[in-house]
Amino acid sequence: MPGLVSCLGHLIVTGIIILFSDLVKSEIWTNEVSDVQFGELGSRVTLACGGSHGGSPVEWRFNGSSVPTWQTHEGLLALLNTTHSMEGNYSCHDERGTLLQSIKLRLGHPPHFVNVSCQMPNHMKIYCSWVQIKTTHLPTIYRTSYSVRWRGAEPCEQQHIGVNECTITDPPFWSYSKVLVNITQINPLGSNSTIIQIDTHELLKPDPPKDVRVLPLEGQPTQLLVRWSCPSSWPAESTSTFPLTFQLHYRPIGSNLWSTLETEENTSLKIMDALEGHTHQIQIRAQDALINHSQWSEWSHVVEARPWIEPWEEPTEEPDFSYPFDNLSSLVRTTGKSPDALHSNGSLGLLVLLGLFAAVMVAVLLTIIVLLWVRQRKEDNVKKQELTSMVKMKSIPI
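Residues numbered from 1 in each chain as written. Predicted model: local features only at pLDDT ≥ 70, side-chain atom pairs only at ≥ 80, totals over all residues. Heavy atoms only, no water.

1. Focus: the overall build of the protein chain
Move 1: Helices and strands together make up the secondary structure of the protein chain, namely four helices and 22 strands.
Move 2: A total of 398 residues make up the protein chain; the buried ones form 32% of that total.
Move 3: For the protein chain, contacts bridging at least 24 residues in sequence account for 62% of all contacts bridging at least 6.
Move 4: Carbon and sulfur atoms make up 58% of the accessible area of the protein chain, which amounts to about 25900 Å² in all. (Helix = DSSP H or I, 4+ residues; strand = E, 2+ residues; numbered from the N terminus. Buried < 20%, exposed > 50% of the residue type's maximum accessible area, 1.4 Å probe, protein only. Contact = heavy atoms within 4.5 Å. Areas by Shrake-Rupley, 256 points an atom, 1.4 Å probe, with all protein chains shown as cover.)

2. Some words on unusual backbone geometry
Move 1: For Asn 63, which is not a glycine, the phi torsion comes out positive at approximately 55 degrees.
Move 2: Looking at the secondary structure, you find Asn 63 in the loop between strand 3 (59-62) and strand 4 (65-66).
Move 3: Residue class for Asn 63 comes out partly exposed when judged on its relative accessible area of 48%.
Move 4: You will see that Asp 170, though not glycine, has its phi angle at about 50 degrees, which is positive.

3. Quick word on the state of the cysteines
Move 1: One pass over the full model with this rule turns up three disulfides.
Move 2: The disulfide partner of Cys 49 is Cys 92, and the gap between their sulfur atoms is 2.0 Å. Taking the sign of the S-S torsion, about 75 degrees here, the bridge from Cys 49 to Cys 92 comes out right-handed. Separated by 43 residues along the polypeptide, Cys 49 in the loop between strand 2 (45-48) and strand 3 and Cys 92 in strand 7 (residues 88-93) bring together distant segments of the chain.
Move 3: For Cys 49, a relative accessible area of 8% corresponds to the buried category.
Move 4: One disulfide bridge connects Cys 156 with Cys 166, the sulfur atoms lying 2.1 Å from each other. One disulfide, between Cys 156 and Cys 166, carries an S-S torsion of 85 degrees and so falls in the right-handed class. Of the two residues, Cys 156 sits in the loop between strand 12 (154-155) and strand 13 (165-169) while Cys 166 sits in strand 13, which places them ten residues apart along the sequence. (Disulfide = S-S within 2.5 Å.)

4. Points about the environment of Leu 77
Move 1: Relative to the elements of secondary structure, Leu 77 occurs in strand 6 (residues 76-79).
Move 2: Classification of Leu 77 as buried rests on a relative accessible area of 0%.
Move 3: Sequence separation between Leu 77 and Cys 49 is 28 residues; the distance between their C-alpha atoms is 8.3 Å.

5. Some details on a nonpolar patch on the surface
Move 1: Taken together, the side chains of Leu 348, Leu 350, Leu 351, Val 352, Leu 353, Leu 354 and Leu 356 define a hydrophobic patch exposed on the protein surface, amounting to about 720 Å² of accessible area.
Move 2: With respect to the helices and strands, Leu 353 occurs in helix 4 (residues 339-395). (Patch = residues over 30% accessible without salt bridge, like charges linked within 9 Å, V, L, I, M, F, W, Y side chains within 5 Å. Salt bridge = Lys/Arg side-chain N within 4 Å of Asp/Glu carboxyl O.)

6. Focus: the sheet that holds strand 5 (residues 72-73)
Move 1: Pairing is antiparallel in the open sheet, where three strands are placed in the order 2-6-5. With partners counted over all chains shown, the strands left at the sheet margins are strand 2 and strand 5, one partner each.
Move 2: Sheet analysis places strand 2 next to strand 6, joined by four bridges and oriented antiparallel. Note on strand 6: the bridge partner recorded for Thr 46 is Ala 78. (Pairing = 2+ DSSP bridges.)

7. Digging into the pairing of strand 21 (residues 280-288)
Move 1: Within strand 21, nine of the nine residues are buried, leaving the element largely enclosed by the surrounding structure.
Move 2: Taking every second residue as pointing to the same face, both faces of strand 21 are buried, with His 280, Ile 282, Ile 284, Ala 286 and Asp 288 on one and Gln 281, Gln 283, Arg 285 and Gln 287 on the other.
Move 3: The pairing of strand 18 (residues 244-252) with strand 21 spans nine bridges and is classified as antiparallel. Bridging from a neighbouring strand, Leu 244 pairs with Asp 288 of strand 21.
Move 4: In this structure, strand 21 lies alongside strand 22 (residues 303-305), joined through three bridges in antiparallel fashion. Directly across from His 280, in strand 22, lies its bridge partner Ala 305.

8. Regarding the side chain of Gln 223
Move 1: Its location among the elements puts Gln 223 in the loop between strand 16 (210-216) and strand 17 (224-229).
Move 2: Side chain to side chain, Gln 223 and Gln 220 meet in a polar contact 3.2 Å long.
Move 3: In this structure Gln 223 touches Pro 216, Leu 217, Lys 270, Ile 271, Met 272, Ala 274 and Pro 307, once residues within four positions along its chain are discounted. (Polar contact = N/O pair within 3.5 Å; in protein donor to acceptor, adjacent residues only side chain to side chain.)

9. Concerning the nonpolar core
Move 1: Judged by nonpolar contacts, the single largest core of 39 residues is most densely connected at Ile 126, Ile 183, Val 226, Trp 228, Leu 248, Ile 271 and Ile 282.
Move 2: In terms of residue count, strand 18 provides more of this core than any other element does, four residues in total.
Move 3: Excluding its chain neighbours within four sequence positions, the residues that come into contact with Ile 271 are Thr 222, Gln 223, Leu 224, Val 226, Leu 248, Tyr 250, Leu 261 and Ile 282.
Move 4: If you look at the next biggest cluster of nonpolar residues, it comprises 14 residues, including Trp 60, Leu 77, Tyr 90 and Leu 107. (Core = buried A, V, L, I, M, F, W, Y, C linked by side-chain atoms within 4.5 Å.)

10. Re the side chain of Arg 285
Move 1: Of note, Arg 285 is situated in strand 21.
Move 2: One buried charged side chain, Arg 285, makes no salt bridge at all; its nearest oppositely charged neighbour is Glu 262, positioned 6.5 Å away.
Move 3: Those residues in contact with Arg 285 that sit more than four places away from it in its chain are Pro 209, Thr 245, Phe 246, Gln 247, Trp 296, Ser 297, Glu 298 and Trp 299. (Lys, Arg positive; Asp, Glu negative; His and termini not counted.)

Now the structure itself:
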């Protein structure tokens, strides 16, 4: 029974909103521009000449050109199966060509349902936005409201005209989680309401944590310290009342497997098992700690960092590779040898190397000659043995 009463209450609220919308529509669209007439695309539209008297003949013109008489009857102009090409300026004239009335015709569609989506980044605000499912091609306004059980409709505040967004401030988060959001679309051809029901507990989804920083720890090649801040949309004064749970995941670059850590209320975590010498990717997300069936936030931007690496030991003094060419004379005096003597020593060394090379080549050549001589001797011995055997065979009597 309470459910039936609740449904009837919502229907009554919706009816009041639609009735109010119709009154507003007639006030806006009829008083804004008196010479504008609106019609529905694809339908029959009739234009009346307000300045004609009785059945006096009237001439209709469209953008300055005469309209065929078969479309007019007793001062009325009938347009069948209207299209966008029929939009424009219509005027009616008497027999003398005097202008009686000018009408601007605009064609479009009646209001249709809209797609509504809502986000709840904290307990105090619900942000709703919507887009038209079917474009009406006509000036449109929206009336936005919300309601909960046993309470009447309250406005969903629109901050900026022409932007399809509204804000619900201080929704009844704990008393009753179900909220009805009503978006009523109004244009000159009518009005239509889209009503959705949202569950604030399931809708709650914090924004991602911000200012994520990853620091290597000196002397710890497998550890990383991760720090972050709560999202700006989550009021700092409410973190004690509405704490957040944070989940951190990380992996070395190139790996498909993520490791996960969690913490409640803290805004820092230490990774103890980072892969030594490898750069890691780190992300963090948040969830309301008191309502575990609320939504996790999106992951924060990827931050890359590498654990501490032991620095290389650098030499204390750099060797001097410069050669004191300008002090060559002192070098000569110190050694006690003239440049000609140094030159002769270099030539002598070259001759020694050439002599050694020649000796090696002679030794190799002699070795080859000896090997060939030994091989020839063996072949000669084999031939002698074969001849001896043949002679003996011939001497044996048959």
